[in-house]
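# Observations on the model geometry
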Amino acid sequence: ITGQIRHVGTTPVICVNTGPGYNPQILEGSVMTVANGSIPYVLICKEGASVSLTGKIVTANNTDFPNALYIQEPNRYSGIRVLYSGAVSPNRGDTVSVSGTVHLADDGEREINAGTNGVTSPQAGTLPGPFARNNRSLGCGNFNVYTPGINWPLNTGVGIYNKGMLVKSWGKVTGVDAIGKCFYIDDGTGFNDGSGLMGVRVSWGWPNQTSITPPAQGSYVGVVGISGSTDLGSDHIVRTVRLRDQD
């Protein structure tokens, strides 16, 4: 989009001359802007772009997810996974700086590959509480063309993108897949992702992650973890809550 930035009251407006019949008084649509150095800025970057972030909060560390951690903005509006295999081991709640290249993982999540030295400057901080989300609002729609949301079950990926964020959800345990290291919860939404179990997938299947004891089928639970996604095959990207530990 190319145009002139003006203001309607205090609202910035991009004026685009579209040719004959153009009326600068008519507002059409909206444009989302993001700040360089923010996680949303990373999410709009193309595959392989180099990025650098400072002052982001660790919501899951490389003890929770070996060779990876999750970070989010201090005010809880965006988060992302970081692949990291270095010696620094921040605690949950610490603030860190991250640098690396951004990629789209096979599970449908964007991530920063920080290598062995791209996580630095850990400083003690306060872990924010999880963002409460019902089953339907987990994951949600596409952020942009580089950052997909949830596409399965069909037409259910709507709302504000929240992959990578610390969340809490709840529901009845509809089944347990011990081999797949997951169980499903349903709050009444009744999603059918084709796995054979109803509801939303809750996983402890990250490589080399410490195992948990899943709740019994039929019980009602609340779960706290990272909002993410899983590719069940045929490019079916489904909601997934990634547990950090037994609690």
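Residues numbered from 1 in each chain as written. Predicted model: local features only at pLDDT ≥ 70, side-chain atom pairs only at ≥ 80, totals over all residues. Heavy atoms only, no water.

### Considerations on the pairing of strand β10 (residues 166-177)
This is how it is decided: In this description, strands pair whenever DSSP reports at least two bridges between them. The helix and strand labels rest on DSSP assignments: H or I over at least four residues marks a helix, E over at least two residues marks a strand, and numbering proceeds from the N terminus.
In this structure, strand β9 (residues 131-132) lies alongside β10, joined through two bridges in parallel fashion. Bridge pairing links phenylalanine 131 to valine 167 in β10. Following β10, the chain reverses through four residues before pairing antiparallel with strand β11 (residues 182-186); lysine 181 in that reversal takes a positive phi of roughly 55°.

### Brief notes about the packing of aromatic side chains
Our working rule: Each aromatic pair joins two rings of Phe, Tyr and Trp (for Trp, the six-membered one) with centres within 6.5 Å, and gets the label stacked for planes under 30 degrees apart, edge-to-face for over 60, and tilted for any other angle. Buried, partly exposed and exposed residues are distinguished by accessible area as a fraction of the type maximum, computed with a 1.4 Å probe on protein chains only: under 20%, between the cut-offs, and over 50%, respectively.
Under the definition given, this model contains four aromatic pairs. Ring centres 5.5 Å apart and planes at 70° place the aromatic pair phenylalanine 65 and tyrosine 70 in the edge-to-face group. An angle of 85° between the planes, with centres 6.2 Å apart, marks the rings of phenylalanine 65 and tryptophan 206 as edge-to-face. Of this pair, phenylalanine 65 sits in strand β3 (residues 50-65) while tryptophan 206 sits in the loop between β12 (200-203) and β13 (220-231); the two residues are 141 residues apart in sequence, bridging distant segments of the chain. Taken individually, phenylalanine 65 and tryptophan 206 each receive the classification buried, so the pair is uniform in this respect.

### Side note on the nonpolar core
Put simply, the rule is: Each nonpolar core is a collection of buried residues, namely Ala, Val, Leu, Ile, Met, Phe, Trp, Tyr and Cys, held together in the definition by side-chain atoms within 4.5 Å.
Counting residues in hydrophobic clusters, the biggest one holds 21 residues, and the most contacted among them are Ile71, Val82, Val98, Ile112 and Val119. Secondary-structure elements contributing two or more residues to this core are α1 (39-43), β3, β4 (68-72), β5 (79-83) and β6 (95-104). Grouped together as the second largest cluster of nonpolar side chains are 15 residues, Met165, Val167, Phe183 and Val200 included.

### Observations concerning the side chain of aspartate 186
Our working definition: We treat Lys and Arg as the positive residues and Asp and Glu as the negative residues; His and chain ends play no part in the count. One speaks of a salt bridge when a side-chain nitrogen belonging to Lys or Arg is within 4 Å of a carboxyl oxygen belonging to Asp or Glu. A 3.5 Å cut-off defines polar contacts: any pair of N or O atoms within that distance qualifies, except that in protein one atom must be a possible hydrogen donor and the other a possible acceptor, and neighbouring residues in sequence count only when both atoms are side-chain atoms. Whether two residues are in contact is decided by their heavy atoms: any pair within 4.5 Å suffices.
Relative to the assigned elements, aspartate 186 resides in strand β11. One buried charged residue, aspartate 186, remains without a salt bridge, the closest side chain of opposite sign being lysine 172 at 8.4 Å. Engagement of the side chain of aspartate 186 in a polar contact is seen with the backbone nitrogen of threonine 189, the distance being 3.2 Å. In this structure the side chain of aspartate 186 is engaged in a polar contact, spanning 2.9 Å, whose partner is the backbone nitrogen of glycine 190. Setting aside residues up to four positions removed in sequence, aspartate 186 forms contacts with Asn135, Gly171, Lys172, Thr174, Met198 and Gly199.

Limitation: the analysis is restricted to geometry and does not speak to function.
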